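Structural description and commentary
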Amino acid sequence: MTAPLFPLFADLRDRTVLVVGGGAVAERKVEALLHAGALPMVGSPELTETLQDWLESGRIRWLAGTFHTGWLDEAWLVIAATDDATVNRSVYEAATARRILANVVDQAELCSFHSPAVVQRGLLQIAISSGGGAPMLARHVRRQLETLLDDSLGTLAALLTRQREAIRARFPDLGLRRRFFEKLLAGPLPRLLRQQLDASQADAWLQDLLANHAPVAAPAGSVVLVGAGPGDPGLVTLNALRALNEADVILHDRLVSAEVLRLARRDASRIEVGKSAGRHSMSQDQIHALMLEHARQGKRVVRLKGGDPFVFGRGGEELEFLRAHGIAFEVIPGITAAVACAAYAGIPLTHREHAQSLRLVTAHCQDSLDTIDWQSLAQPRQTLAVYMGVASLDRLREHLLLAGAAPDLPFALVENGSRPQQRVITGMLATLPEVARHHQVQSPALLILGEVARLADALHWFGSAPLARSRPHNISTTCAHLNSRRPPDPFPRRTAWPSTTASSTPSAARQW
Ligand code: SAH
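Residues numbered from 1 in each chain as written. Predicted model: local features only at pLDDT ≥ 70, side-chain atom pairs only at ≥ 80, totals over all residues. Heavy atoms only, no water.

As recorded by an unreviewed UniProt entry, the protein chain carries the name Siroheme synthase and is attributed to Pseudoxanthomonas gei.

A closer look at the sheet that holds strand S2 (residues 39-44)
The condition is simple: Between any two strands, at least two bridges found by DSSP are needed for them to pair. Labels follow the DSSP assignment, with helices taken as runs of H or I lasting at least four residues and strands as runs of E lasting at least two, numbered in each case from the N terminus. Inter-axis angles, ranging from 0 to 180 degrees, are taken between N-to-C directions of lines fitted to C-alpha atoms, where helices are fitted over the stretch in contact.
With parallel pairing, the 5 strands of this open sheet are ordered in space as S3-S2-S1-S4-S5. A single partner strand is all that each edge strand has here, and the edge strands are strand S3 (61-64) and strand S5 (101-104). When strand polarity is set aside, the average angle formed by the axes of neighbouring strands in this sheet is 20 degrees. Bridge analysis of S2 against S3 gives 4 bridges, and the strand direction is parallel. Across the sheet, Met-41 pairs through a bridge with Arg-61, a residue of S3.

Let's talk about the pattern of salt bridges
The following threshold applies: Salt bridge criterion: a side-chain nitrogen from Lys or Arg within 4 Å of a carboxyl oxygen from Asp or Glu. Note on classification: 1.4 Å probe, protein chains only; a residue is buried when its accessible area is under 20% of the maximum for its type, exposed when over 50%, partly exposed between these limits.
Applying the stated criterion across every chain yields a total of 25 salt bridges. The partner of Glu-74 in a salt bridge is Arg-61, and the shortest N-O contact between them spans 3.0 Å. With Glu-74 in the loop between S3 and strand S4 (77-80) and Arg-61 in strand S3, the pair connects residues that are 13 residues apart, well separated along the chain. For Glu-74, a relative accessible area of 44% gives the class partly exposed. Residues Asp-248 and Arg-265 are paired through a salt bridge, measuring 3.3 Å at the closest nitrogen-oxygen approach. In this pair, Asp-248 sits in the loop between helix H10 (238-246) and strand S9 (249-252) while Arg-265 sits in the loop between helix H11 (258-261) and strand S10 (269-272), placing the two residues 17 residues apart along the sequence. Overlapping salt bridges, with partners in common, bring together Asp-150, Arg-194, Arg-242, Glu-246 and Glu-330 in one network.

Observations concerning the site of the ligand
The cut-off we apply is this: It suffices for a single heavy atom of a residue to lie within 4 Å of a molecule or strand for the residue to be listed as near it. Any pair of nitrogen or oxygen atoms within 3.5 Å is treated as a polar contact; in protein, a donor-acceptor pairing is required on top of that, and neighbouring residues in sequence qualify only through side-chain atoms on both sides. The protein chains shown are the only cover counted for residues, whose accessible areas, like all others here, come from Shrake-Rupley with a 1.4 Å probe. Note on residue categories: nonpolar means Ala, Val, Leu, Ile, Met, Phe, Trp, Tyr, Cys or Pro, charged means Asp, Glu, Lys or Arg, and polar means any other residue, Gly included. Start and end positions for the domains come from either an automated domain assignment or a database one.
Surveying the vicinity of the ligand reveals 19 residues, the closest of which are Asp-308, Val-311, Thr-336, Gly-417 and Ala-445. One nitrogen or oxygen atom from the side chain of Thr-336 is found 2.6 Å from an oxygen atom belonging to the ligand. Between a nitrogen atom of the ligand and a main-chain N or O atom of Gly-417, the distance comes to 2.8 Å. In isolation the ligand has 540 Å² of accessible area, and contact with the protein removes 95% of it. Counting only elements with at least two residues in the shell around the ligand, the list comes to helix H14 (337-345) and strand S17 (445-449). Along the lines of polarity and charge, the residues of the shell around the ligand split into 12 nonpolar, 5 polar and 2 charged. Two domains each put at least three residues into the shell around the ligand: domain 3 (222-335) and domain 4 (339-489 + 504-510).

Some thoughts on the sheet that holds S9
Selection criterion: Residues count as neighbours in contact if any of their non-hydrogen atoms are within 4.5 Å of one another.
With parallel pairing, the 5 strands of this open sheet are ordered in space as S10-S9-S11-S8-S12. Only two strands of the sheet have a single neighbouring strand rather than two, namely S10 and strand S12 (328-332). On average, adjacent strands in this sheet sit at an angle of 20 degrees to one another, irrespective of strand direction. Packed on one face of the sheet, H10 meets strand S8 (222-227), S9, strand S11 (300-305) and S12 and runs near 140 degrees to S12.

Describing the nonpolar core
We count it as follows: Among buried residues, those of type Ala, Val, Leu, Ile, Met, Phe, Trp, Tyr and Cys that are joined through side-chain atoms within 4.5 Å constitute a nonpolar core.
One finds Leu-396, Leu-400, Leu-413 and Leu-447 to be the most contacted residues of the largest nonpolar core, which totals 26 residues. When contributions to this core are tallied by element, the ones reaching two or more residues are helix H16 (374-377), strand S14 (382-387), helix H17 (393-402), strand S15 (410-415), helix H18 (432-438) and S17. Not counting the four nearest positions on each side in its chain, Leu-413 is found in contact with Leu-393, Arg-423, Val-424, Ile-425, Leu-432, Ala-436, Val-441, Ala-445, Leu-446 and Leu-447.

Some remarks on the packing of helix H12 (residues 284-296) against helix H13 (residues 315-324)
This is how it is decided: Roughly parallel covers angles under 35 degrees, roughly antiparallel covers those over 145, roughly perpendicular covers 65 to 115, and oblique covers all other angles. Two helices crossing with the near one rotated counterclockwise from the far one by less than a right angle form a left-handed crossing, whereas a clockwise rotation gives a right-handed crossing.
Close contact between H12 and H13 brings their axes to 10 Å; oriented N to C, the two are set at 45 degrees. Taken as axis vectors, H12 and H13 run oblique relative to one another. For H12 against H13, the interelement crossing comes out right-handed. Of H13, the residues touching H12 (which contributes Gln-284, Ile-287, His-288, Met-291 and Leu-292) are Glu-317, Glu-318, Phe-321 and Leu-322. Of the residues assigned to the contact of H12 with H13, the class counts are 5 nonpolar, 2 polar and 2 charged.

Remarks on the UniProt feature "modified residue: Phosphoserine" (unreviewed entry) in the protein chain
Basically, it comes down to this: UniProt positions are given in the numbering used here, feature names are shortened, and annotations may be inferred rather than shown by experiment.
In the numbering used here, UniProt assigns the "modified residue: Phosphoserine" (unreviewed entry) feature to Ser-130. When you line up the elements, Ser-130 lands in the loop between strand S7 (124-128) and helix H4 (135-148). Taking relative accessible area as the criterion, Ser-130 reaches 31% and is therefore assigned partly exposed. If near-sequence neighbours (up to four positions away) are discounted, Ser-130 is found in contact with Pro-135 and Ala-138.

Focus on the packing of aromatic side chains
Short version of the rule: Here a pair means two rings of Phe, Tyr or Trp (six-membered ring of Trp) with centres within 6.5 Å. Their orientation is stacked below 30 degrees between planes, edge-to-face above 60, and tilted elsewhere.
As enumerated under the stated definition, the model contains 7 aromatic pairs in all. Ring geometry for Phe-67 against Trp-71: centres 5.8 Å apart, planes inclined by 85 degrees, an arrangement best described as edge-to-face. Accessibility classification places Phe-67 together with Trp-71 in one group, the buried group. With centroids separated by 4.9 Å and ring planes inclined at 75 degrees, the aromatic side chains of Tyr-344 and Phe-462 adopt a geometry described as edge-to-face. Of this pair, Tyr-344 sits in helix H14 while Phe-462 sits in the loop between helix H19 (456-459) and helix H20 (476-484); the two residues are 118 residues apart in sequence, bridging distant segments of the chain. For the pair shown, Tyr-344 and Phe-462 are each scored as buried. In this structure an aromatic cluster arises from ring pairing among Phe-171, Phe-180 and Phe-181.

Right, here's the structure in full:
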């Protein structure tokens, strides 16, 4: 096996680096060198426009012409980025003869140093190398790291750099200092920085810690209320991913998909706290008690909820409880079912011609049905997104029709939105419960009511095409009556209801 490369970070500030070549690749290299404070000297017959600008503003020097060894006189390093293989090779050979490290772009065998793929957060830099043999792999790993590391690491690196001497003075012993750092970084500081503590506040916070908490206070536990989105793991935010990677304990609803849970740190304990339609495996009080118990043990608790934690998710109650018990918390929003189901069913929730407002409604139990202002929900030119409505469709139709809603108001029921088994069922309010029963719609399903629902037939792109009732004659009387009163169809691609047949032909769909 060949020996691995020796990793190093070079201080190139105010040092001359020769770049042979004046094209786009050379320009990228020069830009990186300028970023590191180096003095680039570009050797080439011609320069790109940007290199010209840098030359005119005095940021680079130019050696006009073709390469000769004299160009190496001042150089600490040399990069060859010409499209002439002979020139590139002679640069490498001349540099090697003078013991100057050289890099020929994209030619590993002509490199005595390599440029790694880099993830940068301020002063903190992570360099990734495959030894020159598999640069695509290094880039792939870089992309993964980009999603895991948030921007506050840069602020943290700057803070620790500013306070370096003070920390050394407070803990001259290396062992104690190490312990201090371990506790500091596992404690609330990273979270405080994410919440935009400014530089002077952060300095004051750290100085206070150094002055008052000898040697180091026990790490405080915290709870992060995280929205897991509707199911597709691609809809988890970068902040949610980070929280899942830092978690000690994850308390999750049943609605959270297995694919999302799989993104979490392997050794985090996962506790299902139930809460899917009709099945409450744990009371709200028990969930509160669990959060408190783990946070008080100093753990990082993630309370993971389907969709968004503040949309029909009792997130507010949980935070009030935590506040009352002095537990620190953060909230990471998620993509709520209405937004996700609409997108994955091809239904724009608002549309200049059909709906100017959107209402998120729950039709969960008798109580919520009785307190709803049906008159306002029955108004035209709006879209209703009804959560937890599957069990109440009969009463929902009754209330809406009584309040004056049009019987031919289009609906779309989106079952398992964004998941591989997604189904979309379309029809009209007059026959909503019958159509849903016919297709045996199960929770989780979201009901979208409004003119926009009709667009699903034309705009669907994910999973199967929308289903309508497959045996229309059963309800033909109602439909004939409704169809006779129906306005002209503004969406010509749709065949008139109810002739749309049940079809499960996948569209050119993106599955995950
Ligand atoms: N906080 C969640 C909603 C919780 S209430 C959110 O913001 O999405 C649970 C209801 O959400 C379900 O009864 C269903 O109506 C809807 N829902 C959640 N995920 C869904 C999905 N993947 N597909 C369809 N409906 C979903």
